[in-house]
Amino acid sequence: QVQLVESGGGLVQAGGSLRLSCAASGRLFSINDMGWYRQAPGKQRELVVVITRGGITNYADSVKGRFTISRDNAKNSVALQMNSLKPEDTAVYYCNAQALVWGAPGTYWGQGTQVTVSS
C-alpha cells in the first residue's frame with residue numbers, strides 16, 4: 001500500500017506565505033507525475049500544479065508567479081512554496097502521485113491539509 005504524507009498547512013493572513021510538503025512511502029517501483037490539487041468548500045477539486053519525473057511543470061493560471069513546486073526523486077517527495085497568498089487560495093490541498101507499484105499503475109492521494117488565508 002502506498003501512503004502520501006502531507007504537512008505544512010495552517011492559518012495565514014493575506015499576502016503571507018506557506019510551504020507544503022509531501023512524501024511517499026511503501027513498495028514503490030517508480031513515480032511518474034506528482035502534483036497538488038485543492039478543494040474549497042462547495043467546489044470541485046482542481047489542479048494547482050503538476051510536475052513530471054523529469055522536472056517539467058504545469059501551473060494553473062490562478063497561481064502562476066506566486067506558487068513554486070519542487071521535487072526530489074530520490075526521496076519520492078514534493079513541496080509547494082506558496083507566496084502572496086490570497087483569501088481565494090483557502091482550500092484543502094491534496095498531494096497526488098501517479099506511480100507504478102509492483103508493476104501496476106495507479107493514482108494515489110494524500111489525506112489533505114487545510115490552508116486558510118484570512119483577509
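Source: prediction; values computed, not measured. (Residues numbered from 1 in each chain as written. Predicted model: local features only at pLDDT ≥ 70, side-chain atom pairs only at ≥ 80, totals over all residues. Heavy atoms only, no water.)

A.B. asks: In this structure, what is going on with the pairing of strand S8 (residues 77-82)? I would like to understand it.
C.D. replies: Summarising burial for S8: five of the six residues are buried, a large majority. Examined bridge by bridge, strand S3 (residues 18-25) and S8 share six bridges and lie antiparallel to one another. Following the sheet pairing, Ala-23 is matched in S8 by Ser-77. Where strand S7 (residues 67-72) and S8 come together, six bridges link them in antiparallel fashion. Considered in S8, the bridge of Ser-70 is made with Ala-79. From the end of S7 to the start of S8, which pair antiparallel, there are four residues, and Asn-76 there has a positive phi angle of about 50 degrees. (Buried < 20%, exposed > 50% of the residue type's maximum accessible area, 1.4 Å probe, protein only. Helix = DSSP H or I, 4+ residues; strand = E, 2+ residues; numbered from the N terminus. Pairing = 2+ DSSP bridges.)

A.B. asks: Explain the nonpolar core here, please?
C.D. replies: One recurring pattern in soluble globular proteins: nonpolar side chains tend to sit buried together. The biggest cluster of nonpolar side chains holds 32 residues, and the ones touching the most others in it are Trp-36, Leu-80, Met-82 and Tyr-93. Listing elements by their share of this core, those giving two or more residues are S3, strand S4 (30-39), strand S5 (46-51), S7, S8, strand S9 (91-101) and strand S11 (113-118). With six residues, S9 is the largest single contributor of residues to this core. (Core = buried A, V, L, I, M, F, W, Y, C linked by side-chain atoms within 4.5 Å.)

A.B. asks: So what exactly am I meant to see when it comes to unusual backbone geometry here?
C.D. replies: What is expected of a backbone is that most residues other than glycine have negative phi and most peptide bonds are trans. You will see that Ser-84, though not glycine, has its phi angle at about 50 degrees, which is positive. Within the secondary structure, Ser-84 sits in the loop between S8 and S9. The phi angle at Trp-102 is positive, at roughly 50 degrees, despite the residue not being glycine. The topology assignment puts Trp-102 in the loop between S9 and strand S10 (104-109). Owing to a relative accessible area of 57%, Trp-102 belongs among the exposed residues under this scheme.

A.B. asks: Explanation requested: the sheet that holds S7 in the structure shown.
C.D. replies: Note on sheets: strands pair through backbone hydrogen bonds, and any given pair is parallel or antiparallel. One open sheet holds the four strands; their spatial order is S1-S3-S8-S7, and the pairing between them is antiparallel. Each having just a single partner strand, strand S1 (3-7) and S7 make up the two edges of the open sheet. On average, each strand axis in the sheet is inclined to that of its neighbour by 15 degrees, with strand direction left out of account. Two strands pair when backbone bridges link them, and S1 and S3 are joined in this way by five bridges, in the antiparallel orientation. Bridge pairing in S3 links Val-5 to Ala-23. (Axes fitted to C-alpha atoms, helices over the stretch in contact; angles between N-to-C directions.)

None of the figures reported here should be taken as evidence of function without further support.
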